[in-house]
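# Results of the structural survey
Listed below, chain by chain, are the residues.
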Amino acid sequence: MIALGAGAVTLFAWLVLANRDFAFAIERTVTVMVITCPHALGLAVPLVVAVSTALAAKNGLLIRNRAAFERARKLQAVIFDKTGTLTEGRFAVTDTLVLTKDIDEIELLNYAASVDAHSEHPIANAIASVAKERLPLEGFKAIPGKGAEGRVNGKEVKVVSPGYLREQNIVINDRRVEQLQAEGKTVVFTLLNGTVVGAIALAGVIRPESKQTIAALKEMNIRCMMLTGDNRQVAKWVSEQVGLDEYFAEVLPQDKAAKVKEVQGRGLVVAMTGDGVNDAPALAQADVGIAIGAGTDVAVETADIILVRSNPLDTVAIIKLARATYRKMVQNLIWATGYNTFAIPLAAGALYSYGLLLTPALGAVLMSLSTVIVAINAKLLHMAH
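All values reported here derive from a predicted model rather than from experimental measurement.

### Things to note about the nonpolar core
In terms of nonpolar packing, the biggest core is built from 40 residues, with L217 and I319 touching the most fellow members. Sorting the residues of this core by element identifies α3 (39-58), β2 (77-81), α10 (210-219), β9 (223-227), α11 (232-242), β12 (288-292), β13 (305-307) and α15 (313-348) as the ones contributing at least two each. At 8 residues, the largest contribution of residues to this core is made by α15. What I319 contacts, discounting residues up to four positions off in sequence, is A72, L75, V78, L217, M220 and I222.

This is the structure:
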């Protein structure tokens, strides 16, 4: 419509107002319509989208939801799951405490491992890997967010978190347990027929990239938080190690989405980064859901963006790319619009009195040049990233 309108005005101005011959007027009109052809304007955004998508894929960042990716430039807070995201997701058993005379360390580990061998949780896998023997198990059942249970040698065996003990009003007064928790270790308890018989301490390995990730996000004025089902001592220890602004400890799987919503309630644009089945609702609730590529299928299917290399530092990369992509879109739109604003009067013959007159052929060249410039600027997104 703009091209047709500008052409009509040009024809009327030269033909009626300037009283020039029809051939001259129609040549000016054709030049205006050629140079106004909105190729550059139409390609300004799609070219940047194509380049950014290819660049992301090349760097192991799979964008499943384009709208969410574009929202990433506005992020004000990033919430990380702890296990498998900020930590490597693997644990090592560091201490075994026997809390009764009716059992020894080997038996304690065997009972715990016999139950945990049927669980997929990283803590359970670590305990199962160190046991000398695995006993036959019946009636295995997971206790969501708190552990697992089953019948071993006719005894009801439970391997549970401190949260389960609090829920059952079971109090453990042992300074050894308190010391292990103060050291930032995860402590789980083994119950035989409802009685606590021992504790097993494990330490998680923090990813070497985690501290660098948090530092980079803070430089971008983004608040960094962590969600974990672990106790407050463990959460505090990890938080201090990597430099988080805030953490939420002892959060049950079904409450993770609520915590994300709570942070959003502060008026912040929030991203959630996680890898487990338990993280899926939180990933869906967040403004931008980012899944670690090595995580579960459920988390990957729920997320908007997938970090194929399972490197938390890629969270920084995706935000930087989103911001750079937006800048390129704005630059291209400004160029395409500004070009037409300048070129239309020139093509219409505004500088005719100064001896400057564009032919339709030259107008076509200038129109194509605008498209080339927009394309080159989009390709420069590699440099911005």
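### Section: the sheet that holds strand β11 (residues 270-274)
Spatially, 7 strands are ordered β1-β13-β12-β11-β2-β9-β10 in an open sheet, and the strand pairing comes out mixed. The two strands at the open ends of the sheet, each matched to only one other strand, are β1 (61-63) and β10 (246-248). Each neighbouring strand pair of the sheet contributes to a mean axis angle of 20°, computed without reference to strand direction. Packing against the sheet, α11 makes contact with β9 and β10, and its axis sits at approximately 150° to β10.

### Looking at the environment of K218
Looking at where K218 falls in the secondary structure, it is placed in helix α10. Residues K218 and A77 lie 141 residues apart in sequence; the distance between their C-alpha atoms is 9.6 Å. With near-sequence residues (within four places) excluded, K218 lies in contact with C224, G243, L244 and D245.

### Topic: the packing of aromatic side chains
Think of a pair of aromatic rings as described by two things: how far the centres are apart, and how the planes are tilted against each other in angle. One pass over the full model with this rule turns up 0 aromatic pairs. When the ring centre of Y326 is taken as origin, the NZ or CZ atom of R73, which lies over that ring, is 3.6 Å away.

### Observations concerning the pattern of salt bridges
Summed over the entire model, instances satisfying the criterion amount to 17 salt bridges. In this structure, R64 and E301 form a salt bridge, with 3.5 Å as the shortest nitrogen-oxygen distance. Residue R64 is located in the loop between β1 and α4 (66-71), and its partner E301 is located in helix α14 (residues 297-302); the two are separated by 237 residues in the primary sequence. Since its relative accessible area comes to 42%, R64 is described here as partly exposed. The class for E301 is exposed, based on a relative accessible area of 55%. With a shortest N-O distance of 3.7 Å, K218 and D245 are connected by a salt bridge. Of this pair, K218 sits in helix α10 while D245 is found in the loop between α11 and β10, placing the two residues 27 residues apart along the sequence. Relative accessible area serves as the criterion here: at 35%, D245 is assigned to the partly exposed category. One network of salt bridges, with partners in common, ties together D81, K256 and D279.

Definitions and limits used
Residues numbered from 1 in each chain as written. Predicted model: local features only at pLDDT ≥ 70, side-chain atom pairs only at ≥ 80, totals over all residues. Heavy atoms only, no water. Core = buried A, V, L, I, M, F, W, Y, C linked by side-chain atoms within 4.5 Å. Buried < 20%, exposed > 50% of the residue type's maximum accessible area, 1.4 Å probe, protein only. Helix = DSSP H or I, 4+ residues; strand = E, 2+ residues; numbered from the N terminus. Contact = heavy atoms within 4.5 Å. Pairing = 2+ DSSP bridges. Axes fitted to C-alpha atoms, helices over the stretch in contact; angles between N-to-C directions. Phe/Tyr/Trp six-rings, centres within 6.5 Å; stacked < 30°, edge-to-face > 60°. Lys NZ or Arg CZ within 6 Å of the ring centre and 35° of its normal. Salt bridge = Lys/Arg side-chain N within 4 Å of Asp/Glu carboxyl O.

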